[in-house]
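Tertiary structure, described
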Amino acid sequence: MKIGIYFDQEEKIFHIQSRDMSYIFDIMDNGQLGHLYWGKRINSFKKRKRPIDDHQGILTALAQEYPAYGTLDYRFPAYQVQLDNGTTITELRYHSHQIIKGKERLKGLPATYVEDEEEAETLKIRLFDQIAGLELILNYTVYSDYPVITRSALFKNIGDRNFDILQALSTSVDFPDNDYQFLQLSGAWARERNLIKRPLLPGVTAIDSKRGNSSHEQNPFIALLSENADEYHGEVYGFSLVYSGNFLAQAEVNKYHQTRVTMGINPFDFKWKLEKGEEFQTPEVVMVYSDSGLNKMSQFYHEIYRKRLVRGKFRDLERPILINNWEATYFDFNTEKLLKLAREASDLGIELFVLDDGWFGRRNDDTSSLGDWFVNKEKLPEGLKYIADEIKKLGMKFGLWFEPEMISPDSELYEKHPDWCIHVPERKRSLLRSQLVLDLSRKEVCDYIIEQVSSILENTCISYVKWDMNRQMSEIGSAELPPDRQRETAHRYILGLYRVLEEITSRFPDILFESCAGGGGRFDPGMLYYMPQTWTSDNTDAIERLKIQYGTSLVYPLSAMGAHVSAVPNHQVGRITPLKTRGDVAVFGNFGYELDVSCLSSKEKEEIKKQIQFYKSVRKLVQQGKFYRILNPFTDNNTAWMLVSDDREEALAAFYQVLAEPNPGRYSFRLKGLAPEKKYRIIETDEVYGGDELMYAGLEVEIDGFENQDFRSFVWKLESV
Ligand code: DGJ
């Protein structure tokens, strides 16, 4: 089976083919790129007469690859450039192309990669607008093992005049109809990535972030679902942006019911001056096609992000079970209290102790000291090294929390450098959580962060870093940039952040980094490139987590999701759930604890020991297996999901009942992904069933009886016999 990129010289057609997918476009007679098809793989494509080919130049209904605004196409364009005479008309025409093996790295930006040239092919198309002096290179990469296309665009000023980029999106795809649902992952702090679907109607359906980070409110991901598509049926087109800042993702339906999907850096409040000889690289979009529903799309995202986006030694390593002191102590701790917690944790079998916020400067609450990255000697007179050494003696690793991108007005750093924060002169600096955002568009600020964080990491035996970021931007402006570059600040910040992360993570390859932004406010592929895991949400309630983890799994693998067991009543919603249920939800992620284990009863400690042993026995499966969503917490009272190992020898299935129903009888649900011909032993019941029986007839859950109560959970480990 042919996989790769082909150019039909006669028809001027590009055909990007993977195992299950084709993406086809051509060079139209006028030299522009026209879009022809994206969907299930087809072997050859015969160019058809375009509906309005007779009216050369009339673009109203033509499907295009990287459209402009200003001619007769009135849809939202992929880019817009303003020339020094103030006009915005450009006409990019095909010049040449190149098909290369493998994939090039994107300068200064995170992106998927290859380890071997044979894994992928890349098409680079050069387009020119002579009048503007604009050269554009469109990059398309196709992976041979996944129905995935990545796209990005590189703008070059090859003329002798400067121009401004007003908009530079990463992708634009025209669909012939609008028979789709628009799926988005939206929410807020503590309720991130809720699954929302809405129909596509004439006009624009969009999500975006103007907050400086990818945000709790909208994740940089959308999908179009063909009519009646669900988890296991129908065509699905996924778009995921490898970027951590302001973004836009939208679908526009025109008068002919055609749909144009565009995605990239949010053009709102963005402008980038491109001087002679300069380049501007857009972030990458990872586009996935599935012919059998959302679950398959998710599995492709999981695989490519787990294997070809995440980097470093932890990519393939099993992640440690951790305890984090945040919900156990908040700011109220001292060395003795921490070590007491650590001793209990080590007795339970926990492998990593994480010291969260409050260890530095004069930080005893959230009103001060961000930026002062030296130990709080009043609180921890023995210093960090002592704590790290003591924890090491207990057989555990030590991890530390930082929030390096922030500055408290009440800090030594702010006294020295009041202009180092994002701000606009003479305007109010709005505080959120009593803090401001450091201006990472400035090199010296980035260098300061790199040195401050590095010096702590060098001098203490640290195995893990939680990199937090607890507010979004406001009054966006930089003291360093000239007036005509102020609207570059937000993107320059992200470029600065990526430089800092690249530098620190490569200086400390043996440290496991977990990203966090008030929970899941920056759970995006850009951050995953630098940090293999993310704190999924500050909401640790097991029932809320069903939705959050289910929604997150649309795009992100379980190995990327931090999931911890916390105390009851839960600190975010006050709910009391059984310890078993809290454990059964958290095992479907990077498992850990976030409670004062020293005040638990001996019965609870025994239960936790068992949870930990259990997680260790299934950890590889959880972090590297294939995930199947079965019952949806957004629509059902019950949730079910499962994991299957690649060789289908092992599986882990879970069923959660939110509210108990009176007299419910027996319930059965169908498992997924097993080998139909294999027999599986259910470890918990010691029963053996055929894979086919479990998948087609289902597994029975006994929810009736005296134990029927709210918030129950069941987990089964399956092993092939
Ligand atoms: C927000 C994080 O999500 C929490 O886990 C905790 O680290 C706090 N910040 C600390 O300020």
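In what follows, the structure referred to is the one given above.
A brief look at the structure comes next. (Residues numbered from 1 in each chain as written. Predicted model: local features only at pLDDT ≥ 70, side-chain atom pairs only at ≥ 80, totals over all residues. Heavy atoms only, no water.)

1. Points about the overall build of the protein
Looking only at helices and strands, the protein features 12 helices and 38 strands. Over its C-alpha atoms the protein spans a radius of gyration of 26 Å, differing by no more than 12% from the 27 Å that the globule rule assigns to 721 residues. Oriented by its inertia axes, the alpha-carbon framework of the protein measures out at about 80 × 70 × 45 Å. Residue burial in the protein is summarised as follows: out of 721 residues, 62% are buried. Taking as baseline every contact in the protein between residues at least 6 positions apart, the subset at least 24 positions apart corresponds to 70%. Surface summary for the protein: the accessible area is close to 27000 Å², and the carbon and sulfur share equals 48%. Mean positive and mean negative side-chain charge positions of the protein (89 and 108 charges, respectively) differ by 1 Å. (Helix = DSSP H or I, 4+ residues; strand = E, 2+ residues; numbered from the N terminus. Rg over C-alpha atoms; globule rule 2.2 N^0.38 Å. Buried < 20%, exposed > 50% of the residue type's maximum accessible area, 1.4 Å probe, protein only. Contact = heavy atoms within 4.5 Å. Areas by Shrake-Rupley, 256 points an atom, 1.4 Å probe, with all protein chains shown as cover. Lys, Arg positive; Asp, Glu negative; His and termini not counted. Charge placed at Lys NZ, Arg CZ, Asp CG, Glu CD.)

2. A few points about empty space enclosed by the protein
Applying the stated rule across the entire model yields six cavities of 30 Å³ or more. Taken together, 15 residues form the lining of the largest cavity, with His-302, Arg-306, Gln-624, Gly-625 and Lys-626 sitting closest to its centre. Looking at the lining of the largest cavity, the elements with two or more residues in it are helix H1 (293-308), helix H11 (602-624) and strand E31 (626-631). With four residues, H1 is the largest single contributor of residues to the lining of the largest cavity. Split by residue class, the lining of the largest cavity holds five nonpolar, six polar and four charged. Of the pockets and cavities examined, the second largest cavity occupies roughly 100 Å³. Gln-32, Leu-33, Gln-64, Tyr-66, Pro-67, Ala-68, Tyr-79, Leu-92, Leu-127 and Leu-138 together form the lining of the second largest cavity. (1 Å grid on protein atoms, 1.4 Å probe; cavity = no way out; pocket = protein on both sides within 12 Å on 5 of 7 lines; lining within 4 Å. Points joined across faces, edges and corners; volume = space filled by probe spheres on them. Nonpolar A, V, L, I, M, F, W, Y, C, P; charged D, E, K, R; others polar.)

3. A word on the sheet that holds strand E38 (residues 712-720)
Spatially, E31-E32-E33-E38-E35-E36 is the arrangement adopted by the six strands of the open sheet, whose pairing is antiparallel. At either margin of the open sheet sits one strand with a lone partner, and together these are E31 and strand E36 (687-690). Strand-to-strand twist of the sheet, defined as the mean angle between neighbouring strand axes without regard to direction, takes the value 25 degrees. Bridge analysis of strand E35 (residues 679-682) against E36 gives four bridges, and the strand direction is antiparallel. Bridge assignment links Ile-682 to a residue of E36, and that residue is Glu-687. (Pairing = 2+ DSSP bridges. Axes fitted to C-alpha atoms, helices over the stretch in contact; angles between N-to-C directions.)

4. Observations regarding the sheet that holds strand E4 (residues 33-40)
Taken in spatial order, the four strands of this open sheet run E1-E2-E3-E4, and their pairing is antiparallel. Strand pairing shows two members of the sheet lacking a second neighbour, strand E1 (4-8) and E4, which therefore form its edges. Sheet twist, expressed as the average angle between the axes of neighbouring strands with direction ignored, equals 15 degrees. Relative to E4, strand E3 (residues 21-27) runs antiparallel, the two being bridged by seven bridges. Bridging from a neighbouring strand, Ile-27 pairs with Leu-33 of E4.

5. Overview of the packing of aromatic side chains
If you walk through the whole model with that rule in mind, you get 46 aromatic pairs. Here the aromatic rings of Phe-523 and Tyr-556 are separated by 4.8 Å at their centres, their planes lie at 45 degrees, and the arrangement is tilted. Highlighted residues: Phe-523 in the loop between strand E27 (512-515) and helix H8 (525-530) and Tyr-556 in the loop between helix H9 (542-552) and strand E29 (561-566), separated in sequence by 33 residues. One exposure class covers both Phe-523 and Tyr-556, and it is buried. Taken together, the ring pairs in this structure connect Phe-7, Phe-14, Tyr-23, Phe-25, Trp-38, Tyr-140, Phe-175, Tyr-180, Tyr-237, Phe-239 and Tyr-289 into an aromatic cluster. The lysine or arginine in question, Arg-545, covers the ring of Trp-535, its NZ or CZ lying 4.8 Å from the ring centre. (Phe/Tyr/Trp six-rings, centres within 6.5 Å; stacked < 30°, edge-to-face > 60°. Lys NZ or Arg CZ within 6 Å of the ring centre and 35° of its normal.)

6. As for H1
Taking 1.5 Å as the rise per residue, H1 with 16 residues should run 22 Å; its terminal C-alpha atoms sit 23 Å apart, in good agreement. Burial analysis of H1 places 14 of its 16 residues in the buried class, the great majority of the element. (Expected span 1.5 Å × (residues − 1).)

7. Notes on the site of the ligand
Near the ligand you find 13 residues, and of these Asp-356, Asp-357, Lys-466, Asp-468 and Asp-538 are the closest. In this structure, an oxygen atom belonging to the ligand sits 2.6 Å away from a side-chain N or O atom of Asp-356. One of the side-chain nitrogen or oxygen atoms of Trp-401 is found 3.1 Å away from an oxygen atom of the ligand. Coverage of the ligand by the protein chains reaches 98% of its 290 Å² of free accessible surface. Its residues assigned to classes, the shell around the ligand comprises four nonpolar, three polar and six charged. (Near = heavy atom within 4 Å. Polar contact = N/O pair within 3.5 Å; in protein donor to acceptor, adjacent residues only side chain to side chain.)

8. Overview of the pairing of strand E22 (residues 352-355)
A two-sided burial pattern is seen for E22, the buried positions comprising Leu-352 and Val-354 on one face and Phe-353 and Leu-355 on the other. Note that strand E21 (residues 322-324) and E22 share three bridges and pair parallel. Of the residues in E22, the one forming a bridge with Ile-323 is Phe-353. For E22 and strand E23 (residues 397-402), the ladder comprises four bridges, and the chain directions are parallel. Its bridge partner lying in E23, Phe-353 is registered against Phe-398. For the crossover that starts at E22, traverses helix H4 (residues 383-393) and ends in the parallel E23, the hand is right-handed. (Right-handed = clockwise from strand over helix to strand, strands pointing away.)

These figures come from the coordinates and say nothing about function on their own.
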